[in-house]
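Okay, here's what each chain looks like letter by letter:
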Amino acid sequence: MANPIQHAPPGTQAGDSVHAVASADENLAAILESLQDAGALRFIRAFLEQRQPLAEKLMEKMDTEPTKRGLKNAVTLMMGLGALPDGIGVALMSALTQGFERAGEASQLPDADKMSVWQLMGMLKNPDVARAVHYLMGFLEGLGKALKTTS
Amino acid sequence: MESNETVSVTINGQTHQAPAGARLVDILLEADINIPHVCYLPILGPIQTCDTCIVSVDDQWLRACATVVSEGMRVDTRSPEVREREDAAMQRILGNHRLYCTVCDNNNGDCVVHNTTELLQIEHQTIPYTDKPYPPIDDSNPFYRYDVNQCILCGRCVEACQNLEVNETLSIDWSLERPRVIWDDHQPIGESSCVSCGHCVTVCPCNALMEKSMLGEAGFLTGIKPDTLLPMIDLVEGIEPSMGPVFALSDLESQMRDSRIKRTKTVCTYCGVGCSFNIWTKDRHILQIEPPLEAPVNSVSTCVKGKFGWDFVNSPERLTRPLIRDGGQFREASWDEALNLVAARLSEIKRQHGSNALMFVASSKGSNEEAYLVQKLARSVIGTNNVDNDSTYCQDPATYGLRMTVGYGADSGTLKDIESADLVIAIGSNTAESHPVFATRVKRAHKLRGQKLVVIDVRRHEMAERADLFIHPQSGSDPYLLAGVQKYLVDQGWIDRTFLSQHATGVEEYLAFLEPYTLDRVEALTGVDPETIKQLAQMIHEAPKVAILWAMGITQQRQGSQGSLAIANLLVLTGNIGRPGTGGYPLRGHNNVQGASDFGSKPVYLPGYQDIEDAEARARCEAVWGGEPISAEPGLSNTEIADAVLDGRLHGLYIVGEDTALVDNNIGRIQEALQKVDFLVVQEVFLTKTAQYADVVLPAVPSLEKDGTFVNTERRIQRFYQALEPLGEAKPDWQVLTDLANRLGAEWHYRHPAEIMAEVSQVAPLFAGVTYERLEGYRTLLWPVEADGADTPLLYQEGFHHPDKKAHLIPLSLEDVPYPGSEFDILVNNGQLLEHFHEGNLTYRVPGIRQLVPEVFLEVSPQLARERQLEDGQWVRLVTPNGRARLRVLVTDRVVGHEVYLPMNTVGEGAINQLTPELFDPDTRTPGYKHTFAKLEVLDGEPGSPLPRRNWRFQRRHPQPGVMVERKWARPDYQPLVSTGEEEHQHG
Ligand code: SF4
Ligand code: SF4
Ligand code: SF4
Ligand code: FES
């Protein structure tokens, strides 16, 4: 006589673990790591990893006319310069990497999670930074295209 | 209308040949001319709301989607003037939509608004976006939400709801200052007539309608809370209204998504329609179901279960480890221990009691390859023909009727034939709820093309409401009704004598059999008046092409086989078989109940319906399989299990993915048998009622976690691909069966289901040309499949499947129909509900479905409610000689008199099979579930309806011809871009 047994012993069913899918952040980390391997994108990483607190802070601090104007200039400049020059040279890469290292260093500071990206964004007003960002945007565009053609 | 003729068209100075009747937009796209076409989707036809497809044709401005090519047409798509107008049309759209692509969950490379803006290289918006003056989000449906501010008013959703799904919920209210999509008469979605089929969400070209499962999940940045997100979007727009950088960044982000979102082609695991789609997953999270245009059965169509019913895959109750009964408990075991035990016990039973003391049940949800291995295990390793599947409970009578008459026990054509019939007769089929996507095409043909629809049923369901003729015969009397209408057709000279003389045998005997079924006699037997029968006959006579659909309302009668035979005879008698647009269509219930039988898990058939008595077929199988010789003796069927266990013939049972303890009729008796059987193995995804009786439970995986093929109700073989890793230690059935067979001394070396299919093609001529390569992606094959891969969408074009190539008319052998008595005076009808499937083991594990339909209920008629003073929510008990069930009442005029309807979707104390009788169809031993007679006892009241009042069944639909774009054109604020007078609204 086999009476029905209504319960499976602990550990033999999926339980809530099945919902513990790799979190968005873990995913993000994985992708960004591969991007970093491919040429280091710490800037984006810093931005993405802290997206929630960062975004709130951005809103708080950046929604002012002078900031907007500055950013607008920077972005217009970026666009005006057109597409990424042919072949990103070693020099350009190292320039970018230096930039990333600055961002990285900044984020090591004790109050980094409060200030680093804000500082970074503030620096967009600096024409040198704007130039670098232009290259970064071009780089991203090129990377996007490259991903498109390889996928 | 397309034809074989072609016309020549000059496009941008080059000459192109195009089929006469084709739409210009299709020709342009085929020629790789990238014109925008935001509102156009081929399956929906021209909607003409967006004007982006504007072209110059012979110096007129026309919408390419609504223009049919004609000889000598000169088309310009490139001039600056065309560009200007395209731009103007797109700007109007962008005034209704914010481009925050980088933070949008729809930024997956397929957003039509994004891609069109990019295609047109729009840098600056000329019509500023403004919010619409409505609450921005309606998220009252559990599965999808509408964002009115993102809605571009293209009308695709409306067209899909009105004319493809034909649920007729959606419209655009063009009379509003700011038009918007509305559900019914401005109802919240969750309180509307919406059936959550998802058509609208699938066809929406942007993020206005989205699956909730996508929100905050698809993108890298889309999880940002709206409080932050909206000001951020404002900021970005404030900084940079030029779209270039925004698009550069969003394209990159979209590309990045590709590396973590996996898109896998799969086939629905619910009903027999066999919808196929891409499932998007991110790890184990199911983001969305995306049915692509090219899906061969369904295209963009789905029902609520296929579109949204997948959460069961991640249910915490999934079994992940083998279990062994130990005293009154299960204990965890390793695969080795569990399989060794199973092998030892099966061998022991075989040794002690012989091979026929064991029985195997294949799953109608498992793959074809798995059904094949179950029967191979039974036959070649154990040495018994005791192997069956769920079809015994439902579909065998239809198979019987068709095999006897026309030769193949399956649908004679495809959904395309049903769509193109002039008359569809649905008998005992609640198609809109049980085979929803089949129903869409019938409803569409009925609405748009004037196809006629007759419904014969005991319940006034949606199809009955829509029918041109609804006939409610005495329950179980359908074979008499069918005989009566045939007799009348004969008397009127409305049968196809030419066809019969060339293609049928047994005609005179059959006509003689029909003789006594006069209109009066049939009225006495069925309760259907002569005028109605005459009207039905007249409709059959007048329709050049008739297709008949039937389901369990016929097959689960005690005379299910005779009823099916009557249907097949009617088709032959009127020459309505073997031609496009005609034929007989038994609608199979489970996704692979067709395949489980096709691949040989039947006690009387080897794979491919080779008779077990056919020595040549047995030899063919033995040569490939080795092992035990195959007996010519038919084995036991599912409905013989209880008796065979209780009288000591069966000692061991091996059940793969079937909840026998709930789906057998008279479950008291089968549950007793499951308790008593010496050894029970259950391969399952959950600890089902049946698994609870097992000695060993082996954890299986659902289709998303393995590769394989299914056969849908059309005989269409379709591949599904693994989307997720098996959960825990659970394994695909084919692997478990292989491991077990090898422990029993076989030498099976399958590494992939493709190898199993390759073997099937050697043993079953029906599948000679079936290979995985020929089934790649969305390619399919409809059996029989020749060795060269030629398949057979429409059967019998070259004659019938009998040695004489003729159809055989077979007289029916009819018995009296059981009627309710004075004590058991309630007829308990039963069947599916749209939202749930079968007993509900899967669908009750989908929270959104539970929200729509949380529990089972009993539909009673207003008359019965009056007689017994019943109100919604009242508890009642139904008592039959076999058992009892406790249920809450729902009063509805879908049922009449003393007929009640109990959906089969429950595993609890309202389970229908506590009540069903031990009556069987003599030809197939399919239970006569539909002859359940009960008495009704009134218990306590509980206020409120057991079905939430917001459910679509309580709402009224709002039919419209379509999106009614003329109303848009008539608005004072609409400035035509086309040359006026050219608007037309066609349905393609
Ligand atoms: S019934 Fe509902 S889900 Fe289906 S198309 Fe209509 S509104 Fe959309
Ligand atoms: S909700 Fe409907 S009308 Fe609005 S964009 Fe989507 S499909 Fe078009
Ligand atoms: S349950 Fe049937 S109709 Fe619904 S999506 Fe699945 S196969 Fe299609
Ligand atoms: S594609 Fe929208 S009007 Fe033609």
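Residues numbered from 1 in each chain as written. Chains lettered and ligands numbered in written order. Predicted model: local features only at pLDDT ≥ 70, side-chain atom pairs only at ≥ 80, totals over all residues. Heavy atoms only, no water.

Caption draft 1: The arrangement of the site of ligand 1 in detail. As a matter of local geometry, ligand 1 sits amid Y144, C161, N167, L170, W183, C194, V195, S196, C197, G198, H199 and C200 of chain B. For the shell around ligand 1, the per-class residue count stands at 8 nonpolar, 4 polar and no charged. (Near = heavy atom within 4 Å. Nonpolar A, V, L, I, M, F, W, Y, C, P; charged D, E, K, R; others polar.)

Caption draft 2: Just the site of ligand 3, in detail. Around ligand 3, the neighbouring residues are C268, Y270, C271, V273, G274, C275, C303, K305, G306, P436 and V437 of chain B. Breaking the shell around ligand 3 down by element, the ones donating at least two residues are α8 (304-308) and α15 (436-449) of chain B. (Helix = DSSP H or I, 4+ residues; strand = E, 2+ residues; numbered from the N terminus.)

Caption draft 3: Fine view of the packing of aromatic side chains. All names here are of chain B. In this structure the tally under the stated criterion is 23 aromatic pairs over all chains. With a centroid separation of 5.5 Å and an interplanar angle of 50°, the aromatic rings of F513 and Y517 are classed as tilted. Across the pair, exposure class does not vary: F513 and Y517 are buried alike. Ring pairs connect the aromatic residues Y408, F499, Y605, Y609, W783, Y796 and F800, which therefore count as one cluster. Note that R459 overlies the ring of Y901, its terminal NZ or CZ placed 3.7 Å from the centroid. The positively charged end of R949 is found above the aromatic ring belonging to F954, 4.2 Å away from the centroid. (Phe/Tyr/Trp six-rings, centres within 6.5 Å; stacked < 30°, edge-to-face > 60°. Buried < 20%, exposed > 50% of the residue type's maximum accessible area, 1.4 Å probe, protein only. Lys NZ or Arg CZ within 6 Å of the ring centre and 35° of its normal.)

Caption draft 4: Examining the pattern of salt bridges more closely. Residues and elements named next belong to chain B. Applying the stated criterion to the full structure yields 49 salt bridges over all chains. The salt bridge involving K447 is made with E168; its shortest N-O contact spans 2.9 Å. With a gap of 279 residues between them, K447 in helix α15 and E168 in the loop between α4 (156-163) and β8 (170-172) connect regions that are remote in the sequence. Between R888 and E942 there is a salt bridge whose closest N-O contact spans 3.6 Å. Separated by 54 residues along the polypeptide, R888 in strand β36 (residues 883-891) and E942 in the loop between β38 (932-938) and α33 (965-969) bring together distant segments of the chain. For R888, a relative accessible area of 6% gives the class buried. Overall, the relative accessible area of 33% leaves E942 in the partly exposed class. Ionic contacts of the salt-bridge type, sharing partners, join the residues E168, K443, K447, E462, R466 and R957 into one network. (Salt bridge = Lys/Arg side-chain N within 4 Å of Asp/Glu carboxyl O.)

Caption draft 5: Spatial organisation of the sheet that holds strand β7 (residues 144-147) of chain B. Residues and elements named next belong to chain B. The sheet built from 3 strands is open, its strands ordered β6-β7-β10 with antiparallel pairing. Two strands close off the open sheet at either side, each with one partner strand: β6 (137-138) and β10 (209-211). In this sheet, β10 lies alongside β7 in antiparallel orientation, the contact comprising 3 bridges. Paired with Y144 across the bridge in β10 is E211. (Pairing = 2+ DSSP bridges.)

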